[in-house]
Amino acid sequence: MSESTNVATTGSRTTQILGFVVLLGLSVVFVLAFVVTEPDAVQQDAVRMFYIHVPAAIVALYLTVPALAVASAMALYKKTRWWDITAAAAAELGVVFCGLTLVTGVIWGRPIWNTWWEWGDVRLLTTLVLFLMLLGYLAYRRSVVDPGTRARRSAVIALVASTNVLLVNRSVIWWQNRTLHQKSSLIEGRLEDMKLFTFALSTLVFAVMFFWMMIHRFRIGWLEHKIETVGVDAAIAERRASAHAGLDEAISHPALEKEGST
């Protein structure tokens, strides 16, 4: 990797490989989902959105939000910029995957429910509330200048927002008379053969994509932190050295927690 490439990107050999795996995996998933798998007996071709909508929801609810909650709790405990930046990165990806869940959900729901949006559906509303809470978390971070204050207060907001995952998860059961959503196809055994394989592969690819994006977003956040504390030249030099070494120092080096203490 050339020096100019190191300056221009946050990539390393590891993330380049992950990026290739994600691109290849998404290509295979789209072919399987929209060409190979058979239409549903009731929903016909509309069911193909299932292979995008549900994996996106799984990543949003069970990867991005738990990562945000853990990082926020550790930011309060350790009081380091490392965990605060990790929380911010997780929140941004939470917005991405939660937004994708909502968009694919309304596209899938239109031909099945005969409406783009149903305000009486509890799962839709709780997912929208989670999306807005994550947006609010990010907006608040932008409004506070002092890093220490921002980290502490943002962590509390994130922990409160994370509790909404329980409502989203249990909404179909607790308010089954107020939702158009069906119960889990996987739990009820309605997925088998190629449909089950496509769903499992899609979920795995989306999970890998989350970790790949998380690494890049963390590196951007860490570079911003370094620019604030030591200047542009030192930040670029550190990232260049990390890339040449082929290590993910901005993710795993224990010395960064001490350096990033608030």
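Residues numbered from 1 in each chain as written. Predicted model: local features only at pLDDT ≥ 70, side-chain atom pairs only at ≥ 80, totals over all residues. Heavy atoms only, no water.

Visitor: Explain the packing of aromatic side chains to me, please; I cannot follow it from the model alone.
Guide: Any two aromatic rings considered together are summarised by their centre-to-centre distance and by the angle between their planes. Taken as a whole and assessed by the stated rule, the structure comprises nine aromatic pairs. Relative to W222, the ring of F218 lies with its centre 6.1 Å away and its plane at 10°, an arrangement referred to as stacked. Within this pair, F218 and its partner W222 are both found in helix α8 (residues 193-229), separated by four residues, close to a single helical turn. In terms of burial, F218 and W222 fall into one category: buried. Among the aromatic residues, those joined into a cluster by ring pairs are F50, Y51, W108 and F199. (Phe/Tyr/Trp six-rings, centres within 6.5 Å; stacked < 30°, edge-to-face > 60°. Helix = DSSP H or I, 4+ residues; strand = E, 2+ residues; numbered from the N terminus. Buried < 20%, exposed > 50% of the residue type's maximum accessible area, 1.4 Å probe, protein only.)

Visitor: I keep staring at the side chain of H216 and nothing clicks. Help me out?
Guide: Summarising the element assignment, H216 is placed in helix α8. Beyond its immediate sequence surroundings of up to four residues, H216 is in contact with T10, G11 and T15. (Contact = heavy atoms within 4.5 Å.)

Visitor: What is the right way to look at the pattern of salt bridges in this model?
Guide: Note that side chains of opposite charge can pair when their charged atoms are close. The final tally for this structure, using the stated rule, is four salt bridges. Linking D84 and R81 is a salt bridge whose minimum nitrogen-to-oxygen distance equals 3.9 Å. You can see D84 and its partner R81 sitting in helix α4 (residues 81-113), three residues apart, about one turn around the helix. Exposure remark for R81: the relative accessible area of 8% places this residue in the buried category. Across the pair D84 and R141 runs a salt bridge, and its minimum N-O distance is 2.8 Å. Remark: R141 occurs in helix α5 (residues 122-143) and D84 occurs in helix α4; sequence separation between them is 57 residues. (Salt bridge = Lys/Arg side-chain N within 4 Å of Asp/Glu carboxyl O.)

Visitor: Where do I start with the nonpolar core in this structure?
Guide: Note that soluble globular proteins tend to have their nonpolar side chains buried in a common cluster. Counting residues in each nonpolar core, the largest one holds 48 residues, and the members touching the most others are F50, L68, F97, W108, L130, Y137 and F206. Among the elements that take part in this core, α4 stands out by supplying 13 residues, more than any other. (Core = buried A, V, L, I, M, F, W, Y, C linked by side-chain atoms within 4.5 Å.)

Visitor: Can you help me understand helix α2 (residues 13-36) in this one?
Guide: Structural remark: α-helix, 3.6 residues per turn; residues separated by three or four positions point the same way. Look at α2: 33 Å from first C-alpha to last across 24 residues, which is about the 34 Å you get at 1.5 Å a residue. Among the residues making up α2, those that are buried are T15, G19, V22, G25, L26, V29, L32 and A33. Looking at the buried residues of α2, the elements they touch are α3 (50-78) and α8. (Expected span 1.5 Å × (residues − 1).)

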